[in-house]
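What the coordinates show
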Amino acid sequence: MENRTDLTTNTFEATSRNSRAEVEAFLDRFKQVFVKGDVEGVISFYDKDVIAYDMVPPLEFQGLDAYADSWRKNGGQMPGPWLFETKDERIYCESELAVVHHLVNCGATGPDGKMMSGWIRHTMTLRRRAGEWTIVHDHFSVPVDMKANKALMDLKPETATH
């Protein structure tokens, strides 16, 4: 993907490059499944011990069962298609651990047929376990206007302030 930056630090260059290629392929598959609105497919990318900070309550999801329940409840209300457009993606990759962060225009088609989306911040931590990459930490967030105590859902990547 053209908007990815390689921030690999592993001194074992060949291992690191292979890991990075695997992580890029993992991210591409995740995005393909996400935009289809495939809730069970999205859930399959997460580790059994995932910790997630999502845009929906509660404040923290601990473990795949809790996070999967939320995906089924909330994702099931959006018939699709879904949107997952990334910008300024950066990947830090070692042989067994990777951190990915980017801005993402994330959204879904609601029951009324209208697309609801907004640019948000997203960070994933991936771990290779038994040869497979999984998401062990997922964090979505938006900036907050501290004076108004309001989430700023209308920002775009090129806008510095609200």
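Nothing here was measured: the structure is a model prediction, and the numbers come from that model.

Time to look at the layout of surface pockets. The calculated volume of the largest pocket comes to roughly 580 Å³. Taken together, 20 residues make up the lining of the largest pocket; nearest its centre are Asp-54, Met-55, Val-56, Cys-106 and Gly-107. Looking at the lining of the largest pocket, the elements with two or more residues in it are α3 (64-75), β5 (97-109) and β6 (115-129). Classifying every residue of the lining of the largest pocket by side-chain character gives 12 nonpolar, seven polar and one charged. Its volume calculated, the second largest pocket comes out at about 210 Å³. Contributing to the lining of the second largest pocket are Tyr-53, Asp-54, Met-55, Val-56, Pro-57, Pro-58, Leu-59, His-139, Phe-140, Ser-141 and Val-142. The element contributing the most residues to the lining of the second largest pocket is strand β7 (residues 132-141), with three residues.

A separate point is the pattern of salt bridges. Under the defined criterion, the tally for this structure stands at 10 salt bridges. A salt bridge links Arg-20 to Glu-24; its shortest N-O distance comes to 2.9 Å. Of this pair, Arg-20 and Glu-24 both sit in helix α1 (residues 13-35), separated by four residues, roughly a single helical turn. The class of Arg-20 is buried, set by a relative accessible area of 8%. Judged by its relative accessible area of 22%, Glu-24 is partly exposed. Residues Arg-128 and Glu-96 are paired through a salt bridge, measuring 3.6 Å at the closest nitrogen-oxygen approach.

The next subject is the side chain of Thr-125. By secondary structure assignment, the location of Thr-125 is in strand β6. According to the relative accessible area criterion, Thr-125 is buried, its value standing at 16%. Thr-125 has contacts with Leu-97, Ala-98, Val-99, Thr-134, Ile-135, Val-136 and His-137, leaving out every residue within four places of it along the chain.

About the thresholds
- Each chain has its residues counted from 1, following the order in which its sequence is written.
- Local features in a predicted model are, by the rule used here, given only for residues with pLDDT of at least 70; side-chain atom pairs are given and counted only at 80 or more, and totals for whole chains, interfaces and linings are based on all residues.
- No hydrogens and no water enter the side-chain calculation; it runs on all heavy atoms of the structure.
- The way it works is a 1 Å grid over only the protein atoms, where trapped points that fit a 1.4 Å probe form a cavity and open points with protein on both sides within 12 Å along at least five of seven lines form a pocket, and then any residue with an atom within 4 Å of a point lines it.
- Grid points are joined across faces, edges and corners, and a volume is the space filled by probe spheres set on the points.
- The numbering of helices and of strands both runs from the N terminus, where a helix is a DSSP run of H or I of at least 4 residues and a strand a run of E of at least 2.
- Three classes are used, and their members are as follows: Ala, Val, Leu, Ile, Met, Phe, Trp, Tyr, Cys and Pro are nonpolar, Asp, Glu, Lys and Arg are charged, and the others, Gly among them, are polar.
- Salt bridge, as used here: a side-chain nitrogen of Lys or Arg that lies within 4 Å of a carboxyl oxygen of Asp or Glu.
- Residue exposure (1.4 Å probe, protein chains only): buried if accessible area is under 20% of the type maximum, exposed if over 50%, otherwise partly exposed.
- Here, residues are in contact when the closest pair of their heavy atoms is within 4.5 Å.

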